[in-house]
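One letter stands for each residue in the lines below.
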Amino acid sequence: MEGFLAGQPLVSVIIPVYNRKDTIKKAIDSVLNQTYQNIEVLVIDDGSTDSTMDVLNQFKGKGVLVFKQDHKGANAARNLGINHAKGEFIAFQDSDDEWLPEKLERQIAY
């Protein structure tokens with residue numbers, strides 16, 4: 001499956017999150033700032049009880065799809081993301097991690 005950039009496969013980036021209001025913005029920004037741009041970003045809120053959803057709402061209209069589920073754990077959140085993913089490749093990002101800008105570009109080239 002190819003995305004909107006001709007010849008470049010679509011990468012679905014799945015980010016499970018649970019109560020990470022202090023780190024999720026940087027994690028998502030590091031994905032959106034990739035040099036490889038043919039991506040979709042799926043964030044799965046795993047029943048957060050803090051203000052994580054307030055942070056996620058800041059990304060509405062910026063190409064970030066947000067799904068919410070009852071608290072079932074990170075693996076269940078990843079599986080929900082996979083079920084909604086459209087990409088040829090899947091990449092997992094932790095909600096407290098930041099990617100270097102060329103991470104996906106280097107992986108796709110490999």
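Along each chain, the written sequence defines residue order, and numbers are assigned to residues from 1. Reporting of local features is limited, given that this is a predicted model, to residues whose pLDDT is at least 70; pairs of side-chain atoms are given and counted only at 80 or more, and all residues count toward the totals for whole chains, interfaces and linings. Each side-chain value is worked out from all heavy atoms of the structure, with water and hydrogens disregarded.

## So, the overall build of the protein chain
Helix numbers and strand numbers start at the N terminus; a helix is a DSSP run of H or I with at least 4 residues, a strand a run of E with at least 2. From N to C terminus, the protein chain includes 4 helices and 4 strands. Reading the helices (α) and strands (β) of the protein chain from amino to carboxyl end gives β-α-β-α-β-α-β-α. Using C-alpha atoms as the atom set, the radius of gyration is obtained and then compared with a globule rule of 2.2 Å times the number of residues to the power 0.38. Computed over the C-alpha atoms, the radius of gyration of the protein chain is 13 Å, within 12% of the 13 Å expected from 2.2 N^0.38 for a compact globule of 110 residues. In terms of its C-alpha atoms, the protein chain occupies a principal-axis envelope of roughly 40 × 25 × 25 Å.

## Quick word on the side chain of serine 95
Positionally, serine 95 belongs in the loop between β4 (89–92) and α4 (103–109). The cut-offs for exposure are 20% and 50% of the maximum accessible area for each residue type, with area from a 1.4 Å probe on protein chains only; residues under the lower value are buried, those over the upper are exposed, and the others partly exposed. On the basis of relative accessibility, which here comes to 7%, the residue serine 95 falls in the buried class.

## Observations regarding the nonpolar core
For our purposes a nonpolar core is just a set of buried Ala, Val, Leu, Ile, Met, Phe, Trp, Tyr and Cys residues, chained together by side-chain atoms within 4.5 Å. Counting residues in hydrophobic clusters, the biggest one holds 19 residues, and the most contacted among them are Val13, Ile15, Ile24, Ile28, Val43 and Leu104. When residues of this core are traced back to their parent elements, those giving at least two are β1 (11–17), α1 (24–32), β2 (39–45) and α2 (52–57). Not counting the four nearest positions on each side in its chain, isoleucine 24 is found in contact with Ile15, Val17, Thr52, Val55, Leu56 and Ser95. When checking whether two residues touch, look at their non-hydrogen atoms; a contact exists if any pair is within 4.5 Å.

## Quick word on the environment of tyrosine 110
By secondary structure assignment, the location of tyrosine 110 is in the segment after α4. Given the relative accessible area of 86%, tyrosine 110 is considered exposed. Remark: the alpha-carbon pair of tyrosine 110 and tyrosine 18, spanning 92 residues in sequence, is separated by 32 Å.

## Remarks on the sheet that holds β4
Strands were regarded as paired on the criterion that DSSP finds at least two bridges between them. One open sheet accounts for 4 strands, arranged β3-β2-β1-β4; its pairing is parallel. Both outer strands of the open sheet, β3 (64–68) and β4, are each paired with one neighbouring strand and no more. Along the sheet, successive strands turn relative to each other by an average axial angle of 25 degrees, direction set aside. The pairing of β2 with β3 spans 5 bridges and is classified as parallel. By the bridge assignment for β3, aspartate 45 is matched with lysine 68. For helices, the fitted line uses only the C-alpha atoms of the stretch in contact; every axis is such a line through C-alpha atoms, and the angle between N-to-C directions lies from 0 to 180 degrees. Along the sheet, α1 makes contact with β1, β2 and β3, crossing β1 at roughly 175 degrees.

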